[in-house]
Amino acid sequence: MSVEILDGATIVGFVEDEEAFGVCVRELFRQLDTDKDGLLSYAEMLKELQRLRVLESHFGVDVKREPEELARVYESLFVQFDHDLNGRVDMEEFKEETKEIMLAMANGLGSLPVQMALEHDSLLMKAVQRECSPKFSA
């Protein structure tokens, strides 16, 4: 992890860069697709959701949640990605929902820069790296 400075424009610029965003999303999708069938099952996505510990911690402090509550939230998150409700998430569904999530984060951040601890392989870190690359800092 490292602490980086970003704002909503950092994320929007990344998402609007179809090439950079597409490459990163496809890479993440391939990592999650452990059975390499080109689709994400609930079990494959569940592993990532659990790794992110979105609900199990609050500002880095562990929070005890009931297993049933976690299961309901994870199932609803999966359905958000599964646009055609066929029980599997394809690359386009994954990319579109990831884009929506990223743009929602950008909207929430707004134009004021914030410091954020980012994992080195996260999409947010890739957005910061893109913005800091010589090609884009003019």
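Look up: the structure comes first, before these words.
Residue numbers restart at each chain and count upward from 1, following the sequence in its written direction. Given that this is a predicted model, residues contribute local features only at a pLDDT of at least 70 and side-chain atom pairs are listed and counted only at 80 or more, while totals for whole chains, interfaces and linings are drawn from all residues. The side-chain quantities take in all heavy atoms of the structure and omit both hydrogens and water.

### Some words on the environment of L46
For step 1, the next point in the chain: By the secondary structure assignment, L46 is in helix α3 (residues 42–52).
For step 2, the next point in the chain: Taking the C-alpha atoms as reference, L46 lies 8.1 Å from F78; in sequence the two are 32 residues apart. Think of it this way: any DSSP run of H or I at least four residues long counts as a helix, any run of E at least two long counts as a strand, and we number them from the N terminus.

### Notes on the pattern of salt bridges
For step 1, the next point in the chain: Each reported salt bridge corresponds to a side-chain nitrogen of Lys or Arg within 4 Å of a carboxyl oxygen of Asp or Glu. This model, assessed by the stated rule, comprises four salt bridges.
For step 2, the next point in the chain: In this structure, E18 and K95 form a salt bridge, with 3.1 Å as the shortest nitrogen-oxygen distance. Placement of E18 in helix α2 (residues 18–32) and of K95 in helix α5 (residues 91–109) is noted, with a sequence separation of 77 residues between them.
For step 3, the next point in the chain: Relative accessible area decides the class of each residue, using a 1.4 Å probe on protein chains only: under 20% of the type maximum gives buried, over 50% gives exposed, and in between gives partly exposed. Here E18 falls in the partly exposed class, since its relative accessible area comes to 44%.
For step 4, the next point in the chain: The exposure class of K95 is buried, given its relative accessible area of 18%.
For step 5, the next point in the chain: Notably, a salt bridge pairs K126 with E27, separated by 3.7 Å at the nearest N-O pair. In this pair, K126 sits in helix α6 (residues 123–132) while E27 sits in helix α2, placing the two residues 99 residues apart along the sequence.
For step 6, the next point in the chain: Look at K126 and you get buried, because its relative accessible area is 17%.
For step 7, the next point in the chain: Exposure remark for E27: the relative accessible area of 31% places this residue in the partly exposed category.

### As for the packing of α3 against helix α4 (residues 67–81)
For step 1, the next point in the chain: Inter-axis angles, ranging from 0 to 180 degrees, are taken between N-to-C directions of lines fitted to C-alpha atoms, where helices are fitted over the stretch in contact. In contact at an axis separation of 10 Å, α3 and α4 are set at 115° when each is read in the N-to-C sense. In this structure, the crossing between α3 and α4 has a hand that is right-handed. In this structure, α3 uses Y42, M45, L46, L49 and Q50 to contact α4, whose residues at the interface are A71, Y74, E75, L77, F78 and F81.
For step 2, the next point in the chain: Note on residue classes: Ala, Val, Leu, Ile, Met, Phe, Trp, Tyr, Cys and Pro are nonpolar, Asp, Glu, Lys and Arg are charged, and everything else, Gly too, is polar. Of the residues assigned to the contact of α3 with α4, the class counts are nine nonpolar, one polar and one charged. Helix crossings fall into two classes, left-handed where the near helix is turned counterclockwise from the far one by less than a right angle and right-handed where it is turned clockwise. Here a residue-residue contact requires only that any non-hydrogen atoms of the pair lie within 4.5 Å.

### Remarks on the packing of aromatic side chains
For step 1, the next point in the chain: When the centres of two rings from Phe, Tyr and Trp lie within 6.5 Å, Trp using its six-membered ring, the rings pair. Their planes under 30 degrees apart give stacked, over 60 give edge-to-face, and anything left gives tilted. Counted according to the given criterion, the structure contains four aromatic pairs.
For step 2, the next point in the chain: Consider the rings of Y42 and F78, whose centres lie 5.5 Å apart with planes at 90°: the pair is edge-to-face. One end of the pair, Y42, is in helix α3; the other, F78, is in helix α4, and 36 residues separate them in sequence.
For step 3, the next point in the chain: Classification of Y42 by relative accessible area gives partly exposed; the value is 26%.
For step 4, the next point in the chain: Plain terms: the ring middles of F81 and F94 are 5.6 Å apart, the flat faces sit at 25° to each other, and that makes the pair stacked. Here F81 is found in helix α4, whereas its partner F94 is found in helix α5, with 13 residues between them in sequence.
For step 5, the next point in the chain: Taking relative accessible area as the criterion, F81 reaches 9% and is therefore assigned buried.
For step 6, the next point in the chain: Here a set of aromatic residues connected by ring pairs shows up, and it is made of F29, F81 and F94.

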